[in-house]
Amino acid sequence: MTDKRRLVFSVLKFLTSEMESKDLSDDAKESLEVASQCLQSAYSLTLDDKHLTVSKPLDEIFKTATASEPLHKTGPPSAADKEEAENLKTEGNNLMRTEKYPDALLMYSKAIEIDGGNPVFYCNRAAAHSKMNNHHLAIEDCQRAVDMDSNYSKAYGRMGLAYSSLDKHKEAVDNFKKALELEPDNESYKSNLQIAEDKLQTMGSPGGSAAGFPGLGGLTGPGGMDLGNFLNNPQLMNMATTMLQDPNMQNMMSQMMSGMGGGMPGAPPAGVGAPPPGMGAPPQNIESLLQAGQQLAQQMQASNPELVEQLRRQMMGGNPPGSGNDQQPPPGNI
């Protein structure tokens, strides 16, 4: 049991070092933390049990032990098996073109059963997984493909798309960069990398906050408008400030706020004093309030149509109607 505990202690040390790595996402580090806690509970030990320390770290021991041992693959298929697997892959590609993704997935899986050492089959199956919105499974297949061929650029590209679909933009950027290292002239990878970098800058990682306004990341307003993104856009904020300095706009805002039982900040309590000149009486019913709102919208459109257009885009998540993910998959399925 002591040897097992020493092994587990070495695993815990390895997990701890991985949790300090900059290469892993916060989600991955959290998973490692859970794994560490489970091991400590199962074997009744902690990282304070220094007497279980061994002379070398686990990854170094593993590297030394497997230096002359290649990645294990299934036995080489016969020529007939390879041909059958290729035919299944081709059939899967044809099914992908006709958008029969579950059937294509089945063909790729059959090809893998026959020739499990071909990374192309895993990469193609990843494409089918992504089309069916099974992005985690797509990432697993892409990872298998690059385990077999570390220079397989298309697998990195597809893995980047899958991470983008999960809003894991840091991981997407890392994979698109790797794909571009292998294929520097691939325009698809360049475009997808730019999109992922832009999203990483504006949206950050899941659970992150908008730069400059901590805690506002992901905060949404009417229609799903990203308020954090809006407040951190200097151009929008300047336009809004200029527009709100317009006396006519201030009067309309005052009327609307008064009609909702509010009032402008610093205004006298209801019934005290008369309305400012030109402001008029506050709306007395819902019809008047709606009319004031319509006048406000018309005034905004007339005074600053650019701001209105920017607001419209913000409320639609930054995309015009009917638009989808701008990132493009690598051409072909080979």
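Bear in mind that the values here come from a model prediction, so they are computed numbers and not experimental data.

Asks: What is the right way to read the overall build of the protein from this model?
Replies: Helix and strand counts for the protein come out as 15 helices and zero strands. Here the protein, with 334 residues, has 33% of them falling under the buried criterion. Contacts in the protein between residues at least 24 apart in sequence constitute 59% of all its contacts with a sequence separation of at least 6. Per element, the accessible surface of the protein, about 20,200 Å² overall, is 54% carbon and sulfur.

Asks: I'm lost on the packing of helix α7 (residues 135-148) against helix α8 (residues 153-165) in this one. Help?
Replies: Packing of α7 against α8 brings their axes to within 9 Å, and their N-to-C directions diverge by 160°. On the basis of their axis angle, the class for α7 and α8 is roughly antiparallel. The two elements α7 and α8 cross, and the hand of that crossing is left-handed. Where α7 abuts α8, its residues His135, Ala138, Ile139, Cys142, Gln143, Ala145 and Val146 lie against Ala155, Tyr156, Arg158, Met159, Ala162, Tyr163 and Ser165. Taken together, the residues of the contact of α7 with α8 sort by class into ten nonpolar, three polar and one charged.

Asks: Could you clarify how one ought to interpret the pattern of salt bridges in this entry?
Replies: Pairing is possible between side chains of opposite charge, provided their charged atoms come close. Scanning all chains against the criterion turns up seven salt bridges. The shortest N-O distance in the salt bridge between Lys89 and Glu86 comes to 3.3 Å. Residue Lys89 and its partner Glu86 are located together in helix α4 (residues 79-97), separated by three residues, close to a single helical turn. Look at Lys89 and you get buried, because its relative accessible area is 8%. Exposure remark for Glu86: the relative accessible area of 33% places this residue in the partly exposed category. Residues Lys178 and Glu181 are paired through a salt bridge, measuring 3.9 Å at the closest nitrogen-oxygen approach.

Asks: How should helix α1 (residues 2-19) be read in this particular structure?
Replies: In an α-helix there are 3.6 residues to a turn, and that puts residues three or four apart on one side. Compared with the 26 Å implied by 1.5 Å per residue over 18 residues, the 26 Å span of α1 between its first and last C-alpha is a close match. When we look at burial in α1, the residues that qualify are Arg5, Val8, Phe9, Ser10, Leu12, Leu15 and Met19. In this structure, the buried side of α1 is in contact with α2 (26-43) and α3 (58-65).

Asks: Just to check I follow, could you spell out α7 for this structure?
Replies: Between its first and last C-alpha, α7 extends 20 Å over 14 residues, near the 20 Å set by a 1.5 Å rise per residue. Taken together, the buried positions of α7 are His135, Ala138, Ile139, Asp141, Cys142, Ala145 and Val146. Take α7 and look down its axis: the buried residues cluster within an arc of 165°, on one side only.

Asks: Is there a simple way to think about unusual backbone geometry in this case?
Replies: In most cases, non-glycine residues show a negative phi, while peptide bonds are predominantly trans. A positive phi is found at Asn133, a non-glycine position, where the angle reads about 65°. Tracing the sequence through the fold places Asn133 in the loop between α6 (119-131) and α7.

Asks: What should I look at first to understand the side chain of Ser10 in this one?
Replies: Examined against the element boundaries, Ser10 turns out to sit in helix α1. Those residues in contact with Ser10, other than ones at most four positions away along the chain, are Val54 and Leu58.

Asks: Hey, could you run me through the packing of α8 against helix α9 (residues 169-182) in this one?
Replies: Helix packing for two helices is described by the angle between their axes and how far apart those axes are. Between α8 and α9, the shortest axis-to-axis distance is 8 Å and the interhelical angle comes to 160°. On the basis of the axis angle, α8 is roughly antiparallel to α9. In this structure, α8 crosses over α9, and the sense of that crossing is left-handed. Taken together, the residues of α9 that come into contact with α8 (itself represented by Ser153, Tyr156, Gly157, Met159, Gly160, Leu161, Tyr163 and Ser164) are His169, Glu171, Ala172, Asn175, Phe176, Lys178, Ala179 and Leu182. By residue class, the composition of the contact of α8 with α9 is eight nonpolar, six polar and two charged.

Asks: What should I look at first to understand the confidence of the model for the protein in this one?
Replies: If pLDDT is low for a region, its predicted coordinates should not be looked at in detail. On average, residues of the protein carry a pLDDT of 76, and 60% of them reach 70 or more. Ranking the elements of the protein by mean pLDDT puts helix α11 (residues 227-231) last, at 52, and α6 first, at 97. Residue range residues 207-225 is modelled with pLDDT below 50. Its contacts to residues more than four positions away, or to other chains, number 32 contacts. Taken as a whole, residues 317-324 scores under 50 in pLDDT and shows four contacts with residues more than four places along the chain or in a different chain.

Conventions and cut-offs
- Residues numbered from 1 in each chain as written.
- Predicted model: local features only at pLDDT ≥ 70, side-chain atom pairs only at ≥ 80, totals over all residues.
- Heavy atoms only, no water.
- Helix = DSSP H or I, 4+ residues; strand = E, 2+ residues; numbered from the N terminus.
- Buried < 20%, exposed > 50% of the residue type's maximum accessible area, 1.4 Å probe, protein only.
- Contact = heavy atoms within 4.5 Å.
- Areas by Shrake-Rupley, 256 points an atom, 1.4 Å probe, with all protein chains shown as cover.
- Axes fitted to C-alpha atoms, helices over the stretch in contact; angles between N-to-C directions.
- Parallel < 35°, antiparallel > 145°, perpendicular 65-115°, else oblique.
- Left-handed = near helix turned anticlockwise from the far one by under 90°.
- Nonpolar A, V, L, I, M, F, W, Y, C, P; charged D, E, K, R; others polar.
- Salt bridge = Lys/Arg side-chain N within 4 Å of Asp/Glu carboxyl O.
- Expected span 1.5 Å × (residues − 1).
- Arc of directions from axis to C-beta.
- pLDDT = per-residue confidence, 0-100.

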